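Coordinates in review
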Amino acid sequence: RKQWYQRRVRGRCLFYIGFQLLIKHDLFEEFNLDVMSVLKFLNLLEQHYEPENPFHNATHAADVAQALHCLLSNLRSIDSFKPKELLASILAALAHDVNHPGVNQNFLIKTASHLMKINGNTSLLEQHHSKVAKSLIKESGIISHLPLSDQDDILRLVEDLIMATDMAQHQKYVNNMKALMVTGYDPQNSEHRRVVLRLAMKCSDLCNTARPWSTCVQWGKLVLEEFWRQGDEEKKMMFDVTNMFDRDQCVPSKALTGFIDYIAEPLFTLWADFCDTSFTRDICRLIDNNRSHWEEVITLPVASVV
């Protein structure tokens, strides 16, 4: 099925999914978007994702954008989101990892990367993705016909949602959502909607753990391969390498069940508590099922897991 889809989209799933989501949410009509500017933006975006990255590439971006669409569409209060919020959310999801170098923040700091010199050592990658995303939005002209105040609102929310994908700040966004659920969600409150959008973006970014096993396992292999390539480089540079980034030491299934236990499962459970539907309950069941599958192959090398 995946191969069939890749043939249909000619390997350009970000391009086609991005275009379809703008249609699906009536954003062409709402903002009178120019088709050529949209096509330019999607083309530029694809070109600025690194195809050699096993995980952080244009396919991951398309996966995240599709997941965000599903999560937001399942909300009973989706109509309370303003069109600008939906447009910014889709643009942010598509661009959230643009120009990713295939290594993490710690590696960039240890190697004194130019990105650290530009962005500092806090949310380094997310700052970079945000700057590139906003630059491509401006270069394409996709929103240049809108009033300046609307452009500013959209760009600020794009930046805000991309920054929410920083795993170093994960608990902050989770706690904000928990606090909102205690006080009560008011869909007419713009800050409440923003808290929800941030959590939806976080869930979407980790959606590979909530896919059917046949898809989940492939994403698991890809993210580990990207980690291991970084570890290979760290070994060449005589840096210390953590177990998860060491292809000779990492036990893939343990690493991925640990991620589910401490990050993915609590995150999606929180979303399901906020939006209790059959869809969100199915997501939680899929995550539990995937964890069980990883446990079953705990002693197998990653290449033999199917």
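This text follows the structure it describes.
Now for a quick tour of the structure.

Calculation rules
Residues numbered from 1 in each chain as written. Predicted model: local features only at pLDDT ≥ 70, side-chain atom pairs only at ≥ 80, totals over all residues. Heavy atoms only, no water. Helix = DSSP H or I, 4+ residues; strand = E, 2+ residues; numbered from the N terminus. Buried < 20%, exposed > 50% of the residue type's maximum accessible area, 1.4 Å probe, protein only. Areas by Shrake-Rupley, 256 points an atom, 1.4 Å probe, with all protein chains shown as cover. Lys, Arg positive; Asp, Glu negative; His and termini not counted. Charge placed at Lys NZ, Arg CZ, Asp CG, Glu CD. Salt bridge = Lys/Arg side-chain N within 4 Å of Asp/Glu carboxyl O. Expected span 1.5 Å × (residues − 1). Phe/Tyr/Trp six-rings, centres within 6.5 Å; stacked < 30°, edge-to-face > 60°. Lys NZ or Arg CZ within 6 Å of the ring centre and 35° of its normal. Polar contact = N/O pair within 3.5 Å; in protein donor to acceptor, adjacent residues only side chain to side chain. Contact = heavy atoms within 4.5 Å. Disulfide = S-S within 2.5 Å. Axes fitted to C-alpha atoms, helices over the stretch in contact; angles between N-to-C directions. Parallel < 35°, antiparallel > 145°, perpendicular 65-115°, else oblique. Nonpolar A, V, L, I, M, F, W, Y, C, P; charged D, E, K, R; others polar. Core = buried A, V, L, I, M, F, W, Y, C linked by side-chain atoms within 4.5 Å.

So, the overall build of the chain
- Secondary structure summary: the chain contains 15 helices and zero strands in total.
- Dimensions of the chain, computed from the C-alpha atoms along their principal axes, are close to 55 × 45 × 40 Å.
- Looking at the 306 residues of the chain, the share that counts as buried comes to 52%.
- Surface exposure of the chain reaches about 14600 Å², of which carbon and sulfur atoms provide 52%.
- Taken together, the 33 basic and 38 acidic charged side chains of the chain have centroids lying 2 Å from each other.

Things to note about the pattern of salt bridges
- With the rule as written, the count across this model stands at 20 salt bridges.
- Close ionic contact of Arg12 with Glu46 constitutes a salt bridge, the shortest N to O distance being 2.7 Å. One end of the pair, Arg12, is in the loop between helix H1 (2–9) and helix H2 (13–24); the other, Glu46, is in helix H4 (residues 35–47), with 34 residues separating them in the sequence.
- The class for Arg12 is partly exposed, based on a relative accessible area of 27%.
- On the basis of relative accessible area, Glu46 is assigned to the buried category, the value being 17%.
- With a shortest N-O distance of 2.7 Å, Arg156 and Asp153 are connected by a salt bridge. Of the two residues, Arg156 and Asp153 both sit in helix H10 (residues 148–163), three residues apart, roughly one turn of that helix.

Quick word on the environment of Asn176
- In this fold, Asn176 is placed in helix H11 (residues 170–183).
- Separated by 22 residues in sequence, Asn176 and Arg198 have C-alpha atoms that sit 9.7 Å apart.

Thoughts on helix H13 (residues 213–236)
- Compared with an ideal rise of 1.5 Å per residue, which puts 24 residues at 34 Å, H13 spans 34 Å between its outermost C-alpha atoms and is within 8% of the ideal.
- Of the residues trailing H13, Met238 is marked for its positive phi of about 65°.

Side note on the packing of aromatic side chains
- Inspection of the entire model under this criterion finds seven aromatic pairs.
- The side chain of Arg12 reaches across the aromatic face of Phe15, ending 4.2 Å from its centre.

A word on the side chain of Glu234
- Following the sequence through the fold, Glu234 ends up in helix H13.
- Of the residues examined, Glu234 reaches a relative accessible area of 3% and is grouped as buried.
- A polar contact is formed between the side chain of Glu234 and the side chain of Lys110, at a distance of 3.1 Å.
- Those residues in contact with Glu234 that lie beyond four places of it in its chain are Phe107, Lys110, Phe239, Asp240, Val241 and Phe245.

Let's talk about the environment of Leu94
- Mapping Leu94 onto the fold places it in helix H6 (residues 83–95).
- Sequence separation between Leu94 and Gly18 is 76 residues; the distance between their C-alpha atoms is 6.9 Å.
- Apart from residues no more than four positions distant in its own chain, Leu94 is found in contact with Leu14, Gly18, Leu42, Leu45, Tyr49, Ala61 and Ala65.

Thoughts on the state of the cysteines
- Under the counting rule described, the total for this entry stands at zero disulfides.
- As a non-bridged cysteine, Cys70 has Cys207 as the owner of its nearest cysteine sulfur, 9.0 Å distant.
- You can see Cys284 has no disulfide; the closest cysteine sulfur is in Cys203, sitting 9.1 Å from it.
- Given a relative accessible area of 18%, Cys284 falls into the buried group.

Quick look at the packing of helix H5 (residues 58–73) against H6
- At a minimum axis separation of 7 Å, H5 and H6 run at an interaxial angle of 150°. Comparing their axes, H6 and H5 come out roughly antiparallel. Two secondary-structure elements touch here, H5 through Ala61, Val64, Ala65, Leu68 and Leu72 and H6 through Leu86, Ser89, Ile90, Ala93 and Leu94.
- Across the contact of H5 with H6, the residue classes break down as nine nonpolar, one polar and no charged.

What to know about the packing of helix H14 (residues 252–274) against helix H15 (residues 278–296)
- Between H14 and H15, whose axes approach to 10 Å, the crossing angle comes to 170°. One way to sum up the angle between H14 and H15 is to call them roughly antiparallel. Across the interface between the two elements, Ser253, Leu256, Thr257, Ile260, Asp261, Ala264, Glu265, Phe268, Thr269, Trp271 and Ala272 of H14 pack against Thr280, Ile283, Cys284, Ile287, Asp288, Asn290, Arg291, Trp294 and Glu295 of H15.
- Of the residues that constitute the contact of H14 with H15, the class distribution is ten nonpolar, five polar and five charged.

Considering H11
- With 14 residues, H11 extends 21 Å from end C-alpha to end C-alpha; this agrees with the ideal 20 Å at 1.5 Å per step.
- Each element contacted by the buried residues of H11 is listed here: H10, helix H12 (190–205) and H14.
- Just past H11, the residue Gly184 takes up positive phi, approximately 105°.

Things to note about the nonpolar core
- Among the nonpolar cores identified, the biggest contains 86 residues, and Leu14, Leu45, Leu72, Leu75, Val158 and Trp271 are the most heavily contacted of them.
- Leave out the neighbours within four places in its chain, and Val158 touches Ala88, Leu91, Ala92, Ala133 and Ile137.
- Within the second largest apolar cluster, six residues are counted, among which are Phe107, Leu115, Leu124 and Leu125.

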